[in-house]
Amino acid sequence: MIHLENVSKVYENGTKALDNINIKIEKGEFVFVVGSSGSGKSTFVKLLLKEIEPTEGKIFLKNKNLGVVKRKGIPKLRREMGIVFQDFRLLKNMTVYENIAFALKVTEASKRKIRRQVPMVMSMVGLADKAKNYPNQLSGGEQQRVALARALVNNPVILLADEPTGNLDPKTSWEIMKLLDEINKRGTTVLLVTHDKEIVNAMQKRVITLSNGKVIGDIQKGGYDN
Ligand code: ADP
Ligand code: ADP
């Protein structure tokens, strides 16, 4: 599903953010990527989104070499992924329904498909009754649910979540984690970058640990520190 082969990233100023990384993630896995600040987590995410290019090595997404994806292919690539960020990134002047529908509209989905899919993902994340709310009328946890619904509406094979609970209190964070677990159990590969030791320790999923741009740990079932 995701394969990084001898990937290094050196920024223009000479900083080596990733140093010969090898990672293989299979379909259906739930994977945490952890590491302290500066360990290379954001660089890893940016490489997967093709916001930056590796200095060395190759990245494959569903057996497609990202190095050969042209600029005009990038939006499609990102839609195949389903992405959720710490700061939600919802469109403020659109309701919950419109935010989710918009993600389908840009794929030129039919009206029929939009009318079917949007209510489905809204109820999947428990937001059916908030369809007409604007983002500023929602709590943080609800906004993250909208972001999740928007990421899921295109049926991505991978859900990439970058610190999705970073702005949420512990209780709300757990609700989002439960949702991510359900989404994973329905077959979506989940890749979650986080600092949250408590969540990582409790979930007992695969944990890839980065330090100084290197993979220093990759365990199938474990916590943050073991
Ligand atoms: P993390 O997300 O784990 O905090 P980053 O991937 O942001 O780590 O950073 C890894 C290393 O690369 C750090 O030393 C950081 O200072 C450096 N870095 C990140 N972005 C840039 C950039 N655009 N230019 C130069 N150095 C960068
Ligand atoms: P929090 O407890 O995180 O501060 P809020 O008090 O912002 O959450 O919201 C609590 C509930 O009230 C949420 O379900 C939200 O959707 C709803 N809500 C908040 N503001 C509005 C509003 N202006 N119009 C409609 N519903 C709202």
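Residues numbered from 1 in each chain as written. Chains lettered and ligands numbered in written order. Predicted model: local features only at pLDDT ≥ 70, side-chain atom pairs only at ≥ 80, totals over all residues. Heavy atoms only, no water.

As annotated in an unreviewed UniProt entry, the protein chain is Cell division ATP-binding protein FtsE from Natranaerovirga hydrolytica. Taken directly from UniProt, the Sequence similarities (unreviewed entry) text for the protein chain runs: "Belongs to the ABC transporter superfamily." For the protein chain, the Subcellular location (unreviewed entry) comment in UniProt is given as "Cell membrane". (UniProt positions renumbered as here; feature names shortened; annotations may be inferred.)

### Some remarks on the overall build of the protein chain
Per the secondary structure count, the protein chain includes seven helices and 10 strands. A compact globule built from 226 residues should have a C-alpha radius of gyration of about 17 Å, and the protein chain, at 17 Å, falls within 12% of that. Each principal axis of the C-alpha atoms in the protein chain carries an extent, and together these give about 45 × 40 × 30 Å. Going through the 226 residues of the protein chain one by one, you find that 51% of them count as buried. Sequence separation of at least 24 residues holds for 69% of the intrachain contacts in the protein chain that already meet a minimum separation of 6. With 37 positive and 24 negative side-chain charges, the protein chain shows a separation of 8 Å between the mean positions of the two kinds. (Helix = DSSP H or I, 4+ residues; strand = E, 2+ residues; numbered from the N terminus. Rg over C-alpha atoms; globule rule 2.2 N^0.38 Å. Buried < 20%, exposed > 50% of the residue type's maximum accessible area, 1.4 Å probe, protein only. Contact = heavy atoms within 4.5 Å. Lys, Arg positive; Asp, Glu negative; His and termini not counted. Charge placed at Lys NZ, Arg CZ, Asp CG, Glu CD.)

### Digging into the site of ligand 2
Around ligand 2 sit Lys130, Asn133, Gln137, Leu138, Ser139 and Glu142, and those are all the residues in its vicinity. With respect to ligand 2, the side chain of Lys130 contributes an N or O atom lying 2.7 Å from an oxygen atom. Asn133 places a side-chain nitrogen or oxygen 3.3 Å from a nitrogen atom of ligand 2. Starting from 560 Å² of accessible surface for ligand 2 in isolation, the protein chains cover 38%. For the shell around ligand 2, the per-class residue count stands at one nonpolar, three polar and two charged. (Near = heavy atom within 4 Å. Polar contact = N/O pair within 3.5 Å; in protein donor to acceptor, adjacent residues only side chain to side chain. Areas by Shrake-Rupley, 256 points an atom, 1.4 Å probe, with all protein chains shown as cover. Nonpolar A, V, L, I, M, F, W, Y, C, P; charged D, E, K, R; others polar.)

### Focus: the sheet that holds strand S7 (residues 158-162)
Strand pairing within a sheet occurs via backbone hydrogen bonds; the two strands may be parallel or antiparallel. With respect to topology, six strands assemble into an open sheet ordered S6-S7-S8-S3-S9-S10, the strand pairing being mixed. Looking at strand neighbours, the two that pair on one side only are strand S6 (83-85) and strand S10 (214-222), the edges of this open sheet. Here the average twist between neighbouring strands, direction ignored, is 15 degrees. Where strand S3 (residues 30-34) meets strand S8 (residues 189-193), four bridges bridge the pair, whose relative direction is parallel. Note that in S8 the partner of Phe32 across the bridge is Leu192. Across the sheet, helix H1 (residues 41-48) touches S3, S7, S8 and strand S9 (205-211), and the angle it forms with S8 is around 145 degrees. (Pairing = 2+ DSSP bridges. Axes fitted to C-alpha atoms, helices over the stretch in contact; angles between N-to-C directions.)

### Some details on the packing of aromatic side chains
Taken as a whole, this structure holds one aromatic pair when the rule is applied. It is Arg89 that lies over the ring of Phe85; its NZ or CZ is 3.7 Å from the centre. Above the ring of Phe30, the side-chain terminus of Lys205 is found at 5.2 Å from the ring centroid. (Phe/Tyr/Trp six-rings, centres within 6.5 Å; stacked < 30°, edge-to-face > 60°. Lys NZ or Arg CZ within 6 Å of the ring centre and 35° of its normal.)

### A few points about the site of ligand 1
Neighbouring ligand 1 are the residues Tyr11, Asn13, Thr15, Ala17, Ser36, Ser37, Gly38, Ser39, Gly40, Lys41, Ser42 and Thr43. When the free accessible area of ligand 1 is taken as 560 Å², the share hidden by the protein chains comes to 64%. The biggest single contributor to the shell around ligand 1 is H1, with three residues. Broken down by class, the residue content of the shell around ligand 1 amounts to two nonpolar, nine polar and one charged.

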